[in-house]
Amino acid sequence: MATPNNKSVLTNKNTAGKPTFSNPGKNLVFAEGNSVKADFPVTGMSCASCVAHVQSTLSKQPGVKNATVNLANATAYVEYLPSVATPEKLKEAVQNAGYDLIIEEKEEEEIEGIHNKHLAELKRNCLWSVIFAIPLVVIAMLFHTIPYANYIMWALSTPIVLIFGRQFFINAWKQAKHRSTNMDTLVALSTGVAYLFSIFNTLFSSFWTSKGLEPHVYFEVSGVVIAFVLLGRYLEERAKRSTTTAIKELIGLQPKTAILVKNGQFTETPIKEIKTGDEIVVKPGEKIAVDGQIVKGNTFIDESMISGEPIAVEKGEGEKVFAGTINQNGSFHFIAEKVGKNTLLGQIIKMVQEAQGSQAPIQKTVDKISSIFIPIIGVIAIATFFLWFFLSGENGFTQGLLSLVTVLVIACPCALGLATPTAIMVGIGKGATNGILIKGAEALEKAQKTTAVVLDKTGTITEGKPHVTNMIWTAEPAKELYNILYSIEAYSEHPLADAIKSYIKDKSELLQNLNVTSLTGRGVQGDTATMKYFVGNKRLLEEQGIALTEEQEGQIAIETENANSVALFADQNTLLAIIGITDTVKPTSLEAIRKMKANGLKVYMLTGDSFHSASLIAGQVGIEPERIKAGVLPAEKSDFIKELQNQGEVVAMVGDGINDSGALATADISIAMGKGSDIAMDVAQITIISSDLNKLHQAIKLSKETVKTIKQNLFWAFIYNLIGVPIAAGILFPINGFLLNPMIAGAAMALSSVSVVTNSLLLKFKKI
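Residues numbered from 1 in each chain as written. Predicted model: local features only at pLDDT ≥ 70, side-chain atom pairs only at ≥ 80, totals over all residues. Heavy atoms only, no water.

Under an unreviewed UniProt entry, the name given to the chain is P-type Cu(+) transporter, and the organism recorded is Dysgonomonas hofstadii. Its UniProt record, at the heading Sequence similarities (unreviewed entry), says of the chain: "Belongs to the cation transport ATPase (P-type) (TC 3.A.3) family. Type IB subfamily." Reading the Subcellular location (unreviewed entry) entry of the UniProt record for the chain gives the comment "Cell membrane". (UniProt positions renumbered as here; feature names shortened; annotations may be inferred.)

It is worth spelling out the packing of aromatic side chains at this point. Counted by the stated rule, this structure contains 19 aromatic pairs. Pairing Y195 with F219 gives two aromatic rings, centres 6.0 Å apart and planes at 75 degrees, and the pair type is edge-to-face. With a gap of 24 residues between them, Y195 in helix α6 (residues 183–203) and F219 in helix α8 (residues 219–242) connect regions that are remote in the sequence. Ring pairs connect the aromatic residues Y148, Y151, W154, Y195 and F219, which therefore count as one cluster. Of note, R627 hangs over the ring of Y604, and the distance from its end group to the ring centre comes to 5.5 Å. (Phe/Tyr/Trp six-rings, centres within 6.5 Å; stacked < 30°, edge-to-face > 60°. Helix = DSSP H or I, 4+ residues; strand = E, 2+ residues; numbered from the N terminus. Lys NZ or Arg CZ within 6 Å of the ring centre and 35° of its normal.)

Ordered by their spatial adjacency, 3 strands build an open sheet running β12-β11-β14, and the pairing between neighbours is antiparallel. The open sheet has two edge strands, β12 (313–315) and β14 (326–327), and neither has a second partner. Pairing of strand β11 (residues 299–302) with β14 involves 2 bridges; the strand directions are antiparallel. Looking at the pairing, I301 lines up with N327 of β14. (Pairing = 2+ DSSP bridges.)

Turning next to the sheet that holds strand β15 (residues 332–338). As summarised here, the arrangement of the 6 strands in space is β8-β7-β9-β15-β10-β13, forming an open sheet in which the pairing is antiparallel. Since the sheet does not close on itself, it has two edges, and those belong to β8 (265–270) and β13 (320–321), each with one partner. Taken together, the 4 bridges between strand β9 (residues 279–282) and β15 define a ladder with antiparallel strand orientation. Note on β15: the bridge partner recorded for I280 is F334.

This next bit is on the pattern of salt bridges. Under the criterion given, the structure shown has 10 salt bridges. Between D498 and K501 there is a salt bridge, and its shortest N-O distance comes to 3.2 Å. Within this pair, D498 and its partner K501 are both found in helix α18 (residues 495–504), separated by 3 residues, close to a single helical turn. Of the residues examined, D498 reaches a relative accessible area of 36% and is grouped as partly exposed. In this structure K501 comes out as buried when scored by relative accessible area, which is 17%. (Salt bridge = Lys/Arg side-chain N within 4 Å of Asp/Glu carboxyl O. Buried < 20%, exposed > 50% of the residue type's maximum accessible area, 1.4 Å probe, protein only.)

Within the element layout of this structure, I374 appears in helix α12 (residues 361–391). The class for I374 is buried, based on a relative accessible area of 4%.

Turning our attention to the environment of P284. Here P284 lies in the loop between β9 and β10 (291–296). Distance from P284 to F300, taken between C-alpha atoms, is 9.4 Å for residues 16 residues apart in sequence. If we ignore the near neighbours within four places in the chain, the residues touching P284 are N327, Q328, N329, G330 and S331. (Contact = heavy atoms within 4.5 Å.)

With that settled, consider the UniProt feature "transmembrane region" (unreviewed entry) in the chain. UniProt's feature table lists "transmembrane region" (unreviewed entry) at residues 126–146, 152–173, 185–204, 216–235, 372–391, 397–420, 714–733 and 739–763, given in the numbering used throughout. Helix makes up 85% of residues 216–235 and strand 0%, whereas the separation of the span's terminal C-alpha atoms amounts to 32 Å. Between the first and last C-alpha atoms of residues 714–733 the distance is 28 Å; the span itself is 85% helix and 0% strand.

Running from N to C, α6 and helix α13 (residues 396–410) cross one another at 155 degrees; their axes reach a closest spacing of 8 Å. By the angle between their directions, the pair α6 and α13 is classed as roughly antiparallel. At the point where α6 passes α13, the crossing takes the left-handed sense. Along its contact with α6, which presents M183, L186, L189, S190, V193, A194 and F197, the element α13 presents F397, T398, L401, V405, L408 and V409. Residue composition of the contact of α6 with α13, grouped by class: 11 nonpolar, 2 polar and no charged. (Axes fitted to C-alpha atoms, helices over the stretch in contact; angles between N-to-C directions. Parallel < 35°, antiparallel > 145°, perpendicular 65-115°, else oblique. Left-handed = near helix turned anticlockwise from the far one by under 90°. Nonpolar A, V, L, I, M, F, W, Y, C, P; charged D, E, K, R; others polar.)

Right, let's get into the side chain of E79. Relative to the helices and strands, E79 is located in strand β5 (residues 75–80). Given the relative accessible area of 16%, E79 is considered buried. Ignoring anything within four residues of it in the chain, the contact list for E79 reads S35, V36, K37, G63, V64, K65 and N66.

See below:
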């Protein structure tokens, strides 16, 4: 029996409407309609303001439909019309904004090399800054009265400011030319003012002494603040790289070479050179290089790195194998069917990369705050200076200048910019390593709000591998009827069709002159030159005016009582066969549903089967009769989802992505259960690679933990600035005489970003 989603003539499995993968450049993700989606590494970003500026610049370009920029992995994700916008134009626009976009085709190793070079340079600058800053602080604190102390401190601070910290001034100048600001602007202004003011007081000390004032110098402030900021950035960069370990682990699953079989000879070949149709041999203990089909041999394969299921799977001739999985104990030959980025592993890697770069809804609010943050801090800093200057007497200028520097240093938007994306990257990466693919940050954020879970029966609660238990013919069947039944079901994607085909395959042959049409929610029709045939449910036969005898009705009732699904085979005049098909409940379904209910979720079953058949399955897994919706068409499944939403429920729909696609699209959170190539189901926001329903519970718990981490990060980022900026401005000075030292402010600023990233990394160790 077959119930595909659309009424159409079927000649083969329908793949229309899916994205077309291509690779004109390293970064192209996929073409969809007239637009393309691509990801480009971005260089020069240092804070949330940078992200907002680059994102705004890209979004304003002609032909760009959507652009998001991720600070945590320094990547821009752009959807654009190639007839209007080009990577070259996008690169030029970003360069004009003071940053750079890498559009050249580069392998992952090259991108990794660029990041490693940047990290090494950051480490070198940080190390030398600290080496010069230590004696600078010692002299400033303990030996500032020795002869030529100011000149010595000037000499020590100059390499820090002009050599090791030159990037801050270069980047700040680029931003100024484009009438923009970022974190580098704050660092450059604060340290530059302190450095220049100290030079003036060293060279023209008489200007202050003639007025009866002491000419203080703040070389140690400029040097130590830059050293602390560099140290913070280095630690932050290392921590951010740890958020991408899930991607690196997935990439590391694929071997570099494979053994090709050509003319009976075995040749070790780089996987880049493997093409579709090549024959590959895999020995015990080796990783499988590409996706394919076994043509010789039997083995057990460890697929846990993709499915999350620890038990090895037995494979034989005709079965699929996937890149990155490990052959355990038998040698076999297989034919390559998908290579490169088109393998299941390649699709997973690309999906996780794209998801990690997506923005959660909460991030939009943070971006709005970040875009105005630095100008507001600039106004506060200037206001602080003038308040000190006018209200603090003879020391007003120096105290005002010191407070201005401290405000600029402590006001770090980096923590705000990293709060959400680092948590999202770790959360999505953790999901991927547990066999849960989350397509975007929005789905990860929304899943924790779920109040009701709607489960499709076949393939979700049950194994989805039904088998025929009984086939009752109304008369002795001719071979021609077997051939017609087999051929009708050969064009169906429904799992019940597979059961019927398997049951009669030894008695049947595939016919070429049969025109097959799917009838949504009712079955399938096959037409020969002289007769119409139907395979489907009672509703289909009623529509066609095919009457059932009392005996036939009784036989159908018996099959239904035994919890069997019933498929009816008929010609245009009479019923030919009653086919009883059963499916078994997954071993994990009862435990998974119990966990969901224990966590306060309402669990519903949705199925096209009869209520009686559905009730028997529901009883085995603990779903109440009032929460069963049986005998529904695909369109009616969507209506049921809407009913629950109208009652105020946040609905997660779990299905196989074929007959359930309408309901999946309607639900607040759509979750597909799939194995193997079914992972590419487009409509689902979350895909559970294995067949274990416990993964659904894990996905919801992962969402809760991730959102909790985001809120913690944002809380500390906001509190840090809400408390730190007023203290830096000197609000405590009239109360207890406390004035924050700029060096301490620099250390606190560096610590804030590192603490946010570290808190996100703790997600890795939380149990889901």
